[in-house]
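Geometric and topological summary
So you can see what is in the structure, the chains are spelled out below.
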Amino acid sequence: MILTGPEITESVSDGRIAISPFSPDQVNPNSYNVTLGGTLMSYRDKVVDAYRPNPTETIQLPEDGYVLRPDQLYLGHTEERIGSDIYVPLLFGRSSVGRLGLFVEITAPIGDIGFHGQWTLMLSPVQPLRVYHGMKIGQIMFFVSSGEIDLYAGKYQSAVGPQESRYWRDRMAVTS
């Protein structure tokens, strides 16, 4: 079951969902619009290594926006801190943003029950595109879970700003 807009609003009011800042005008019939935070991150090296930490570059979005380049992955973040200990959140790009040629969160839309923080967005443009801090970039939906809940306590908990991949930590845990 997916929550409707009015149920999302009620769930924020009674604490079943945390969205901060929350704006009623960002509630849709069955989702909540999220906005792009003010920081982007990109990997500096031409080759990214899944088994090692990778150097990154941080970009603060200027007031007049920033042009994303094709063939470059940008890590952005939601302005909103979002979480729920009850519902399963899923985040997708908005269709209006997709029609501009920007892929948002195409490989990892599902969030974990118990995650609370700003969501890292994987942004990949097909052509040069100017983006702005605060633009509506995606929408989050909440699904009812079934069964016993095991709250998320992983490596991205309480994220603030874009978070680079920590995949290499998974490998370290297996080899230790």
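Right above here is the structure, for reference.
Only a predicted model underlies this, so the values are computations on that prediction, with no experimental measurement involved.

**Re the overall build of the chain**
- Assigned secondary structure in the chain consists of three helices and 11 strands.
- For the chain, the sequential pattern of α-helices and β-strands runs α-β-β-β-β-β-β-β-α-β-β-β-β-α.
- For 176 residues, the compact-globule estimate of 2.2 N^0.38 gives 16 Å, and the C-alpha radius of gyration of the chain, at 17 Å, lies within 12% of that figure.
- Principal-axis analysis of the C-alpha atoms gives the chain an extent of 45 × 45 × 20 Å.
- Out of the 176 residues belonging to the chain, those deemed buried represent 41%.
- Restricting to contacts in the chain with at least 6 residues of sequence separation, those with at least 24 account for 74%.
- Per element, the accessible surface of the chain, about 9,600 Å² overall, is 53% carbon and sulfur.

**Remarks on the sheet that holds strand S11 (residues 136-144)**
- With antiparallel pairing, three strands are arranged side by side in an open sheet as S2-S11-S7. Both edges of this open sheet fall to strand S2 (32-35) and strand S7 (87-93), since each of them pairs with a single strand only. Adjacent strand axes in the sheet meet at a mean angle of 35 degrees when their direction is disregarded.
- In this sheet, S11 lies alongside S7 in antiparallel orientation, the contact comprising seven bridges.

**A closer look at helix H1 (residues 5-14)**
- Along H1, the residues classified as buried are Gly5, Ile8, Ser11 and Val12. Projected down its long axis, H1 carries its buried residues within an arc of 120 degrees, all on one side. For H1, the exposed residues lying more than 90 degrees away from the buried face are Pro6 and Ser13.
- On its buried face, H1 is in contact with strand S1 (18-20), S2, S7 and S11.
- Just downstream of H1, Gly15 is the residue with a positive phi angle, here 90 degrees.

**A look at the layout of surface pockets**
- Looking at the largest pocket, its volume works out to about 610 Å³.
- If you trace the largest pocket, you find 26 residues lining it, with Glu105, Ala108, Thr120, Met122 and Tyr156 closest to the centre.
- When residues of the lining of the largest pocket are traced back to their parent elements, those giving at least two are strand S9 (116-125) and helix H3 (167-175).
- Here the element with the most residues in the lining of the largest pocket is S9; it accounts for four residues.
- A class-by-class count of the residues in the lining of the largest pocket yields 14 nonpolar, seven polar and five charged.

**Regarding the packing of aromatic side chains**
- As enumerated under the stated definition, the model contains five aromatic pairs in all.
- Ring centres of Phe22 and Tyr32 lie 5.3 Å apart, and the angle between their planes is 15 degrees; this geometry places the pair in the stacked category. Here the residue Phe22 occupies a position in the loop between S1 and S2, and Tyr32 occupies one in strand S2, the gap between them amounting to 10 residues.
- The class for Tyr32 is buried, based on a relative accessible area of 0%.
- Ring geometry for Tyr66 against Tyr74: centres 6.3 Å apart, planes inclined by 75 degrees, an arrangement best described as edge-to-face.
- Judged by its relative accessible area of 1%, Tyr74 is buried.
- An aromatic cluster of at least three residues, connected via ring pairs, comprises Phe115, Trp119 and Tyr152.

Reading the values: the criteria
Residues numbered from 1 in each chain as written. Predicted model: local features only at pLDDT ≥ 70, side-chain atom pairs only at ≥ 80, totals over all residues. Heavy atoms only, no water. Helix = DSSP H or I, 4+ residues; strand = E, 2+ residues; numbered from the N terminus. Rg over C-alpha atoms; globule rule 2.2 N^0.38 Å. Buried < 20%, exposed > 50% of the residue type's maximum accessible area, 1.4 Å probe, protein only. Contact = heavy atoms within 4.5 Å. Areas by Shrake-Rupley, 256 points an atom, 1.4 Å probe, with all protein chains shown as cover. Pairing = 2+ DSSP bridges. Axes fitted to C-alpha atoms, helices over the stretch in contact; angles between N-to-C directions. Arc of directions from axis to C-beta. 1 Å grid on protein atoms, 1.4 Å probe; cavity = no way out; pocket = protein on both sides within 12 Å on 5 of 7 lines; lining within 4 Å. Points joined across faces, edges and corners; volume = space filled by probe spheres on them. Nonpolar A, V, L, I, M, F, W, Y, C, P; charged D, E, K, R; others polar. Phe/Tyr/Trp six-rings, centres within 6.5 Å; stacked < 30°, edge-to-face > 60°.

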